[in-house]
Amino acid sequence: MIIVLLSFLYIFFSASSWGVVTAKIFKVEKSHAIIKQLLGLFSICMFTSIFAFFSRINIEFHLFLLLLNIIFGVWQKHQFFSIFKHYHVAFKSFSKFLKVCFALLSLFILAQAASAPFVIDNESYYLQTIKWLNEYGFVKGLANLHLFFAQNSGWHILQSAFNFSFLHDRLNDISAFLFLMVNFFAFEKINLFLQKKSFHLADIFLAIIPFGSILFFQFISAPSSDIPVFLISFLLFYLLLKHWGNISKEIFTIIYLLSFFTIYIKVSTIFMAFLPLGVLVFHFQQLKRSTPSMIIVGSFTLLLIMLKNQILSGYPLFPIQEINFIDSDYNLPESYKFYFERSFVKDGYDIGYRHFKNLSTVEKFLQWLSIKGLTGVVNKFIAVLMLCFPILILKSNYRKPLAFIYFLAVLQLCVLFFTSPQYRFFLVFVLAFMAIIFFSIFQHKKLLKTLLVFGIIFSGIPLFFSFQLAKFTNNQFTQNNSQFQFKNILVPHKNSKYEYVYQKEKIGNLEYNNPVNQDFFWITGDGELPSIKKEQIEFFYKNFHTIPQLRTGKLKDGFYAKTVENFEDE
């Protein structure tokens, strides 16, 4: 916990120094401290991405980042120290009840961040993605080694800037830092409500963040891109609800910057591009002068995404393989698109691809509703929620912003319906709609306090007690929660949950580390580069007659997919 706290302080310092400069560039100096820090993280993420095109994210990068942190902090020292002052004054304004609640929640967040990560994706590709960035930066054709490496989320890029890989392997907690800071912002708004200084729906809506801590806690000990998507989306919904009637150029600038940050973190949130576009359409007269800057930032964000994808997979709009501007020796095989299509159908509809292709649109929707288990229950709940929410909109005093948020939800659901309608991709709207409905009906201080206490306590219970989750998932890797251990007070758990045993394997010119003691097809773990499951290589040979090979014999020069006829000859 202590080392994690020191890491948080450094991220706080970095986000603040870059944030005040970013705020100055975009003329939003009067924005809230957490907004400036988010903009600072966005800038650091972009800077790290550019650096990764040319070099590794290692000690030389950290020294350069530290130098820039100091320069920016000294240059904008008054704005820089105003951030610290804001948090001090805001915390002093909290009631004793909120001070105790926030202190307890902060301790739980530190404890969770210091514990073993729970998310299985951390073991399948987060760790290795970040390790490749730390050792080599962006590597050509890396997706030919492992398909998931093509994603290379902006959040993993940002984590690579703060994990100090040249020192140890125990810092992986950018998500926990963000969760702590956004919770502070939510507590500020809750404080206004409890002191009867604000009864605006936007302020009380943010209580969903500490209330939902038990859900978010399962993700914050790993750099899951879902955490920033949830939290930044909630902040964007807050800004829409709070300022829709009078959106200034400053608020609009914050909206489009945070929207593009979200897209860079997770490209599947592309619907977020319609958020600033929609705001611009409805408030065009007062915002039209901000259009050029929005286009410049949006275009630059898209350019980075396309260049990153081009290097990693050979396709600028991966996983779309139909669009290809540059032919290279490391392009993913075109036959892989059939694998993607079948995987999306299986994950979204739980049926075979041939069966799916023969279904009408109505039949696909009914199949989506009739999936067995927890997934089917959640899908039915989403359908009911989407049918009922318009009733609230008609009766609400916030019709226009709520209708716009609902439009974004419908847009996202339509995109998912024609690709892979997994409920986890829509959960941000489910939670937002549930919170809006609940707080539109119930606005009692005693109830809010009670829910806040329960939300914090319930989030801490899994830290200290073991639970069997087999009833909720068939995945053996997520059937046991991660617990806090006494030794983690000083030294956090290593970035991986498991102890791996690797076996050296060779195929053609590729030597790799095969995790032999974990039975999961996509798993790579925290092994030395490159690490990949042997069964995965055999699968792609059997189905596509390709194997990953080094382009030049050196890892830094990347990989290509070699077509082979006889696996044993390689």
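Cut-offs and rules
- Along each chain, numbering runs from 1 in the same order as the chain's sequence is written.
- This being a predicted model, a pLDDT of at least 70 is required before a residue's local features are given, and a value of 80 or more before pairs of side-chain atoms are given or counted; all residues contribute to the totals for chains, interfaces and linings.
- Hydrogen atoms and water are omitted, and side-chain values are computed over all heavy atoms in the structure.
- Numbered from the N terminus, helices here are DSSP runs of H or I no shorter than four residues, and strands are runs of E no shorter than two.
- Within these notes, the globule rule equals 2.2 Å times the number of residues to the 0.38 power, and the radius of gyration is based on C-alpha atoms.
- The classification of residues rests on relative accessible area computed with a 1.4 Å probe and restricted to protein chains. Under 20% of the type maximum is buried, over 50% is exposed, and intermediate values are partly exposed.
- Angles here are taken between N-to-C directions and fall from 0 to 180 degrees, while the axes themselves are lines fitted to C-alpha atoms, restricted in helices to the stretch in contact.
- Each angle gets one of four labels, with under 35 degrees taken as roughly parallel, over 145 as roughly antiparallel, 65 to 115 as roughly perpendicular, and the rest as oblique.
- Less than a right angle of anticlockwise turn of the near helix away from the far helix marks a crossing as left-handed, whereas a clockwise turn marks it as right-handed.
- Note on contacts: a residue pair is in contact if any heavy atoms of the two residues lie within 4.5 Å.
- Put simply, a patch holds well-exposed residues, over 30% relative accessible area, that have no salt bridge, with like charges counted together within 9 Å and Val, Leu, Ile, Met, Phe, Trp or Tyr side chains within 5 Å.
- Areas reported here follow the Shrake-Rupley algorithm with a probe of radius 1.4 Å; residue values treat only the protein chains shown as occluding.
- Salt bridge, as used here, is a side-chain nitrogen of Lys or Arg placed within 4 Å of a carboxyl oxygen of Asp or Glu.
- One less than the number of residues in a helix, times 1.5 Å, gives the span that helix is expected to have.
- The aromatic pairing rule takes the rings of Phe, Tyr and Trp, using the six-membered ring of Trp, and pairs them if the centres are within 6.5 Å, calling planes under 30 degrees apart stacked, those over 60 edge-to-face and the rest tilted.
- Placement of a positive charge over a ring is assigned whenever Lys NZ or Arg CZ falls within 6 Å of the ring centre and within 35 degrees of the normal to the ring plane.
- We call two N or O atoms a polar contact when they sit within 3.5 Å, provided that within protein one can donate a hydrogen and the other can accept it, with sequence-adjacent residues counted only if both atoms are side-chain atoms.
- Each residue is assigned to one class: nonpolar for Ala, Val, Leu, Ile, Met, Phe, Trp, Tyr, Cys and Pro, charged for Asp, Glu, Lys and Arg, and polar for all the others, Gly among them.
- Here, nonpolar core refers to any group of buried Ala, Val, Leu, Ile, Met, Phe, Trp, Tyr and Cys residues whose side-chain atoms link them within 4.5 Å.
- Each residue carries a pLDDT score, the predictor's own confidence in it, on a scale running from 0 to 100.

(A) Up close: the overall build of the protein. When helices and strands are counted, the protein shows 24 helices and four strands. The C-alpha atoms of the protein give 24 Å as radius of gyration, which agrees with the globular expectation for 570 residues (25 Å, within 12%). For the protein, the spread of C-alpha atoms along the principal axes amounts to about 75 × 60 × 55 Å. The 570 residues of the protein split such that 58% are buried.

(B) Structural detail: the packing of helix 2 (residues 33-52) against helix 4 (residues 77-93). The geometry of helix 2 relative to helix 4 is characterised by a closest axis approach of 9 Å and an angle of 130° between their N-to-C directions. With respect to each other, helix 2 and helix 4 are oriented oblique. Two packed elements cross with a definite hand, and for helix 2 against helix 4 that hand is left-handed. For the pair helix 2 and helix 4, contact is made by Ala 33, Ile 34, Lys 36 and Gln 37 and by Gln 79, Ser 82, Ile 83, His 86 and Tyr 87, respectively.

(C) Molecular detail of a nonpolar patch on the surface. A grouping of Ile 2, Leu 5, Leu 6, Leu 9, Phe 486, Ile 489, Leu 490 and Val 491 is seen on the molecular surface, where their side chains present a nonpolar patch of about 760 Å² in accessible area. By secondary structure assignment, the location of Ile 489 is in the loop between helix 23 (445-464) and strand 1 (502-507).

(D) Quick look at helix 16 (residues 291-313). Taking 1.5 Å as the rise per residue, helix 16 with 23 residues should run 33 Å; its terminal C-alpha atoms sit 32 Å apart, in good agreement. Of the residues one or two after helix 16, Gly 314 is the one with positive phi, at around 90°.

(E) Layout of the packing of aromatic side chains. Tallied over the entire structure, the rule returns 77 aromatic pairs. Pairing Trp 18 with Phe 72 gives two aromatic rings, centres 5.0 Å apart and planes at 85°, and the pair type is edge-to-face. Residue Trp 18 is located in helix 1 (residues 2-25), and its partner Phe 72 is located in helix 3 (residues 59-75); the two are separated by 54 residues in the primary sequence. Pair check on accessibility: Trp 18 and Phe 72 agree, each one buried. Here Phe 193 and Phe 199 contribute two aromatic rings whose centre-to-centre distance is 5.7 Å and whose plane-to-plane angle is 80°, an arrangement assigned as edge-to-face. Above the face of the Tyr 264 ring, Lys 308 is positioned so that its terminal group lies 5.9 Å from the ring centre. A cation over a ring is seen here: Lys 449 above Phe 97, with NZ or CZ 5.3 Å from the ring centre.

(F) Seen up close, the side chain of Ser 153. Assignment of secondary structure puts Ser 153 in the loop between helix 6 (120-136) and helix 7 (154-160). A relative accessible area of 8% places Ser 153 in the buried class. Separated by 2.5 Å, the side chain of Ser 153 and the backbone oxygen of Ile 265 make a polar contact.

(G) Structural context of the packing of helix 1 against helix 2. Following both chains from N to C, one finds helix 1 and helix 2 inclined at 95°, their axes separated by 6 Å at the closest point. Classified by the interaxial angle, the pair formed by helix 1 and helix 2 is roughly perpendicular. Taking contact as the criterion, the partners of Ile 11, Phe 12, Ser 14, Ala 15, Ser 16, Trp 18, Gly 19, Thr 22 and Ala 23 in helix 1 are, on helix 2, Lys 36, Gln 37, Leu 39, Gly 40, Leu 41, Ser 43, Ile 44 and Phe 47. Taken together, the residues of the contact of helix 1 with helix 2 sort by class into nine nonpolar, seven polar and one charged.

(H) Quick peek at the nonpolar core. The biggest cluster of nonpolar side chains holds 159 residues, and the ones touching the most others in it are Phe 162, Phe 234 and Phe 429. Considering every element that reaches this core, the biggest residue donor is helix 8 (residues 174-194), with 15 residues. Discounting chain neighbours no more than four positions away, the residues touching Phe 234 are Phe 205, Leu 206, Ile 208, Ile 209, Phe 216, Val 428, Leu 431 and Ala 432. If you look at the next biggest cluster of nonpolar residues, it comprises 22 residues, including Ile 507, Ile 537, Leu 550 and Val 564.

(I) Focus on the environment of Phe 438. Along the chain, Phe 438 falls in helix 22 (residues 427-441). Sequence separation between Phe 438 and Ile 208 is 230 residues; the distance between their C-alpha atoms is 9.9 Å. Not counting residues within four places of it along the chain, the set of residues in contact with Phe 438 comprises Leu 447 and Leu 451.

(J) Focus on the confidence of the model for the protein. For the protein, per-residue confidence averages 92 on the pLDDT scale, and 97% of positions sit at 70 or higher. Ranking the elements of the protein by mean pLDDT puts helix 17 (residues 336-349) last, at 82, and helix 2 first, at 98.

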